[in-house]
Structures are given as C-alpha cells and as structure tokens.
Amino acid sequence: MNQHLHVFASRPELNRGVAEAVVRLAQQSVTAHGAFHIALAGGSTPRDIYAYLAQEPLREAMPWPKVHVYFGDERTVPPHHEQSNFGMAHAALLSRVPIPAQQIHRMQGEDSDPQTAAVRYEQTLRSHLPSVNRWPRLDLVLLGVGTDGHIASLFPDTKALHVMNRAVTAVHVAKLNTWRITVTFPVLNHAKEIFVIAAGEEKAPIIKTALDVNASVHYPVQQLRDASHVEWFLDAGAAAQLTDII
Ligand code: 6PG
C-alpha cells in the first residue's frame, strides 16, 4: 500500500488542507480521463471541508461539470432528515455548487428494505464507474473514522466486514439499533485513492492503532491495509499519539 500522513496544527487548517487536496485530485482526474468520481463521507468531520469546497477560491477551481458524486454510506432515513449523509452534503456543498443534478448519486436511505436499496446502489456504481477486476473504481473515497474503528458503515463485529461478493450491502448495527447501507471493502480496496480524515484527541488511540503496521487487525480501519493508496489527514489532536512517526 502507498500511504502518506498529513498533520495540521488546527482544525481549520486540516479542513482547508483536505479541501485543497480534493481539488488537486479532481483537476488531475479530469485531465487524465475527463471525469472525477468521488464518494463522500457522512458524520460531523467532513461538514466544514464541504463548506470550504463550496466557497471561493476552491469553488471556482473545482471542475464541477465533470464531477460525479457518490456516497460511501447512508443512514436509513429520508434524504432531508437531519441524520442523512446526503442531506448534510447537500446542505453544506451540493446545493451551493454548479454540479449537474444527474451527476449526484445518493443511496436511498428512505427505502423500507435497505437491502433492496443496497442492490440498487450497486447497480448505480456499476453503471456509472469504470471497473477494475470487475469492481467499480472510484477516483477518491473520503472516509471519517469512528473511535470504535469503523469506516463508512463498516462497524466492528458486523457481517458487512466479510462481504466480498457485493459492492454495496445493508448492515444491521446492533449497538446503534439501526440499519445502514454501506460500500464494502472490495470497493474501498479498488478505489484509486482514499482520504481518511480524523480530528480531535478522542480519535488519537484508533489512529495510532490504524497506523501501527505491527498491530494485529481488530478494527475495520486497519483493513485499509489492503487498499492501494491511502492519505491520512489529521489534526494535532488526532495525531497526538503518533510520537514515533512525527
Ligand atoms: C457516518 C459515517 C461514518 C463517520 C464516522 C466518523 O455515516 O456516520 O460515514 O463512518 O465517518 O462515524 O464520524 P465523525 O466525523 O462524526 O466523527
């Protein structure tokens, strides 16, 4: 795996650093193959990054007509529910930039059967993305990470971690007493690039474990070892236990 670590002194610097890196990659992808396919993350960490992308100068620098937006996971709620990942991204970013509506592909969290929504989203990925080894290939996947080591909605001790024959799955997350829809590891592992973004000292222990190549694998985030290219974007809090590295 090819991986790099970026540590920023403050949360605003982290947000700007990630947003600028997204724009650079978008420009490179459009130059190389005429499009940029990005999967967005939910949770609270990316919201301010999305806001940066919606403001000048980055708004102008982003090749929006060539950008195609997907989601790494979704909660089982309607699109404008306060917990919807699409709803958050729409409010902070997608409603504020000139991206063609047909290039925004959301998971249908409102479907009464999340597994049906997962199958439909797999078809969406397969019909819009180029494939590599028969898996849909995203140019970039943005991921947050939970203190329990989950990424997207790949939570510890759930069946979704072991799904290797589907690109998208529904998963029951017992500790949250809810269903989620999530891309699977084969999709993450076939993405060209992954940005893992973490802020705050509460993330420091899981980040230390994730970056320790000698640690045995207990947490979903550690399974990113099989991904081809991961960039870690951390603020000083999340990097606080990486004393051997920085
Ligand atoms: C979600 C996510 C999830 C998130 C982490 C980190 O839908 O909640 O996509 O994987 O990225 O839980 O969340 P925070 O950024 O809120 O810490």
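Residues numbered from 1 in each chain as written. Predicted model: local features only at pLDDT ≥ 70, side-chain atom pairs only at ≥ 80, totals over all residues. Heavy atoms only, no water.

## Let's talk about the pattern of salt bridges
Then, number 1: Evaluation of the coordinates by the stated rule reveals nine salt bridges.
Then, number 2: In this structure, Asp139 and Lys192 form a salt bridge, with 3.1 Å as the shortest nitrogen-oxygen distance. Of the two residues, Asp139 is situated in the loop between β6 (135-136) and β7 (140-143) and Lys192 in the loop between α6 (185-190) and β10 (193-198); the sequence distance between them amounts to 53 residues.
Then, number 3: Owing to a relative accessible area of 3%, Asp139 belongs among the buried residues under this scheme.
Then, number 4: The salt bridge involving Asp148 is made with Lys175; its shortest N-O contact spans 2.4 Å. Taken together, the residues Asp148 in the loop between β7 and β8 (168-173) and Lys175 in the loop between β8 and β9 (178-183) connect sequence positions 27 residues apart.
Then, number 5: If you follow the salt bridges from partner to partner, you end up with Glu122, Arg126 and Arg166 in one network. (Salt bridge = Lys/Arg side-chain N within 4 Å of Asp/Glu carboxyl O. Helix = DSSP H or I, 4+ residues; strand = E, 2+ residues; numbered from the N terminus. Buried < 20%, exposed > 50% of the residue type's maximum accessible area, 1.4 Å probe, protein only.)

## With respect to the environment of Ile206
Then, number 1: By the secondary structure assignment, Ile206 is in helix α7 (residues 204-211).
Then, number 2: With a relative accessible area of 4%, Ile206 lands in the buried category.
Then, number 3: Sequence-wise, Ile206 and Gln241 are 35 residues apart; in three dimensions their C-alpha atoms are separated by 9.4 Å.
Then, number 4: The contact partners of Ile206, leaving out residues within four places of it in the chain, are Val145, Gly146, Thr147, Gly149, Tyr219 and Val221. (Contact = heavy atoms within 4.5 Å.)

## Quick look at the site of the ligand
Then, number 1: Neighbouring the ligand are 14 residues, the closest being Thr45, Arg75, His150, Ala152 and Lys203.
Then, number 2: Between the ligand and the protein, one listed contact pairs an oxygen atom with a backbone N or O atom of Ser44 at 2.7 Å.
Then, number 3: For the ligand, the protein covers 87% of the area, taking 420 Å² as the surface of the free molecule.
Then, number 4: When atoms are counted within 2 Å of each cavity's grid points, the one that captures over half of the ligand is the largest pocket. (Near = heavy atom within 4 Å. Polar contact = N/O pair within 3.5 Å; in protein donor to acceptor, adjacent residues only side chain to side chain. Areas by Shrake-Rupley, 256 points an atom, 1.4 Å probe, with all protein chains shown as cover. 1 Å grid on protein atoms, 1.4 Å probe; cavity = no way out; pocket = protein on both sides within 12 Å on 5 of 7 lines; lining within 4 Å. Sits in = over half its atoms within 2 Å of the grid points.)

## Overview of the sheet that holds strand β11 (residues 229-235)
Strands in a sheet are paired, the pairing made by backbone hydrogen bonds, and the direction either parallel or antiparallel.
Then, number 1: The strand order β1-β11-β10-β7-β2-β3 describes an open sheet built from six strands, whose pairing is parallel. On the outer flanks of this sheet lie β1 (2-8) and β3 (67-71), each paired with one strand and no other. Ignoring which end each strand starts from, the neighbouring axes of this sheet average 20 degrees apart.
Then, number 2: In this structure, strand β2 (residues 36-40) lies alongside β7, joined through two bridges in parallel fashion. When the bridges of β7 are listed, Ala39 appears paired with Val141.
Then, number 3: Helix-sheet contacts for α7 involve β1, β10 and β11, and the interaxial angle to β11 is about 150 degrees. (Pairing = 2+ DSSP bridges. Axes fitted to C-alpha atoms, helices over the stretch in contact; angles between N-to-C directions.)

## Focus on the sheet that holds β9
Then, number 1: Across the sheet, three strands lie side by side as β4-β9-β8; this open sheet has antiparallel pairing. Both edges of this open sheet fall to β4 (73-75) and β8, since each of them pairs with a single strand only. Averaged over all pairs of adjacent strands, the angle between their axes in this sheet comes to 25 degrees, without regard to strand direction.
Then, number 2: Two strands pair when backbone bridges link them, and β4 and β9 are joined in this way by three bridges, in the antiparallel orientation. Paired with Asp73 across the strands is Thr182, a residue of β9.
Then, number 3: Running at roughly 150 degrees to β8, helix α5 (residues 114-128) makes contact with β8 and β9 of the sheet.

## As for the layout of surface pockets
Over the atoms rolls a probe the size of a water molecule, and its path tells where empty space is left.
Then, number 1: If you add up the space inside the largest pocket, you get close to 380 Å³.
Then, number 2: Looking at the largest pocket, it is lined by 22 residues, and the ones nearest its centre are Gly42, Gly43, Ser44, Arg75 and His150.
Then, number 3: A per-class count over the lining of the largest pocket returns eight nonpolar, eight polar and six charged. (Points joined across faces, edges and corners; volume = space filled by probe spheres on them. Nonpolar A, V, L, I, M, F, W, Y, C, P; charged D, E, K, R; others polar.)

## Here we look at empty space enclosed by the protein
Then, number 1: Counted under the stated rule, the structure contains two cavities of 30 Å³ or more.
Then, number 2: Considering only enclosed or pocket space, the largest cavity measures out at about 50 Å³ in volume.
Then, number 3: Around the largest cavity, the lining residues are Val22, Ile38, Leu40, Leu53, Met62, Trp64, Val67, Val69 and Leu93.
Then, number 4: Contributions of two or more residues to the lining of the largest cavity are made by β2 and β3.
Then, number 5: Its residues placed into classes, the lining of the largest cavity shows nine nonpolar, no polar and no charged.
Then, number 6: Of the volumes computed, that of the second largest cavity is approximately 30 Å³.
Then, number 7: Along the walls of the second largest cavity sit Met1, Gln3, Ala210, Val221, Gln222, Leu224, Arg225 and Trp232, which together make up its complete lining.
Then, number 8: The residue makeup of the lining of the second largest cavity, split by class, is five nonpolar, two polar and one charged.

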